[in-house]
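Chains, contacts and geometry: an overview
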Amino acid sequence: TGGSETRFLEENWFLSHEPIVLALGTQSVDKGTLHLVAAMRRLWAQGSDARLVLVGETMREVTEAVRALPEAERARLHLLGKVSDETKRDALAACALLALPSRSDSFGIVLLEAWLNQKPVVGARAGGLPAVIEEARDGLLAPFGDVEALAAAIERLLNDGATRAAF
């Protein structure tokens, strides 16, 4: 879709190439953002060097939860808010995977955007997402709210380049 990984990394001061877990869209409870943050905290505690990038309008409860994180974790989480279409395309080019652990999406257009950028996806087994994501063929699913399963799905994709490429 014409995005630039290099531009995204440079504009957001990512000086190294840790894998990026990207969430695009409204950042809220129903979209699973708090579960995604909790899953990433679990992975960070296990030694993952991945960064979490949240792009889109951010609801108050998410902003407050991010502010409450320890400083070391906040340094790995990038809350970008609303961005230009160019920055969104750049984020898709730069990410290792897209996470959409939402219970409120009937389709999830961002899934198509990720796939157009040859990026694997992790979604929630809720709403319309299971009808869009074919489990273990073009993405992974975790039950909505199951932080452990979400962390495991993200970890699998971060650690298995062949699976990431296949999806």
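A brief look at the structure comes next. (Residues numbered from 1 in each chain as written. Predicted model: local features only at pLDDT ≥ 70, side-chain atom pairs only at ≥ 80, totals over all residues. Heavy atoms only, no water.)

Grouped together as the largest cluster of nonpolar side chains are 29 residues, with contacts concentrated most on Val21, Leu36, Met40, Leu52 and Ile154. Per-element tally for this core: the top contributor is helix H8 (residues 147-159), with 7 residues. Contacts of leucine 36, omitting those with residues within four sequence positions, involve Val21, Ala23, Leu52, Leu54, Ala99, Pro101, Leu150 and Ile154. Of all hydrophobic cores here, the second largest spans 22 residues; its members include Phe8, Val55, Val121 and Val132. (Core = buried A, V, L, I, M, F, W, Y, C linked by side-chain atoms within 4.5 Å. Buried < 20%, exposed > 50% of the residue type's maximum accessible area, 1.4 Å probe, protein only. Helix = DSSP H or I, 4+ residues; strand = E, 2+ residues; numbered from the N terminus. Contact = heavy atoms within 4.5 Å.)

Our next topic: the environment of leucine 79. Within the secondary structure, leucine 79 sits in strand S3 (residues 77-81). On the basis of relative accessible area, leucine 79 is assigned to the partly exposed category, the value being 32%. Linking leucine 79 and tryptophan 13, residues 66 residues apart in sequence, is a C-alpha distance of 13 Å.

This brings us to the environment of leucine 92. Tracing the sequence through the fold places leucine 92 in helix H5 (residues 85-94). C-alpha of leucine 92 to C-alpha of valine 21: the two residues are 71 residues apart in sequence and 9.8 Å apart in space. Ignoring sequence-local partners within four residues, the contact set of leucine 92 consists of Leu22, Leu24, Glu113, Ala114, Asn117 and Lys119.

Another point: the packing of helix H2 (residues 33-45) against H8. Across the interface, H2 lies against H8 with an axial gap of 8 Å and an inter-helix angle of 65 degrees. In terms of crossing hand, the pair formed by H2 and H8 is right-handed. Across the interface between the two elements, His35, Leu36, Ala38, Ala39, Met40, Arg42 and Leu43 from H2 touch Val147, Glu148, Leu150, Ala151, Ile154 and Glu155 from H8. Across the contact of H2 with H8, the residue classes break down as 9 nonpolar, 1 polar and 3 charged. (Axes fitted to C-alpha atoms, helices over the stretch in contact; angles between N-to-C directions. Left-handed = near helix turned anticlockwise from the far one by under 90°. Nonpolar A, V, L, I, M, F, W, Y, C, P; charged D, E, K, R; others polar.)

Here the focus is the sheet that holds strand S6 (residues 139-142). The sheet built from 6 strands is open, its strands ordered S3-S2-S1-S4-S5-S6 with parallel pairing. Each edge of the sheet is formed by a strand with only one pairing partner; in this case those strands are S3 and S6. Neighbour-to-neighbour, the strand axes of this sheet turn through a mean angle of 20 degrees, independent of strand direction. Bridge count between strand S1 (residues 20-24) and strand S4 (residues 97-100): 2 bridges; the pairing is parallel. Bridging across to S4, valine 21 finds its partner in leucine 97. Where H2 meets the sheet, it contacts S1, strand S2 (51-55), S3 and S4, and its direction lies at approximately 165 degrees from that of S2. (Pairing = 2+ DSSP bridges.)

With that settled, consider H5. Those residues of H5 that sit buried are Thr87, Asp90, Ala91, Leu92, Ala93 and Ala94. Of the surrounding secondary structure, the elements contacted by the buried residues of H5 are helix H1 (5-11), S1 and helix H6 (109-116).

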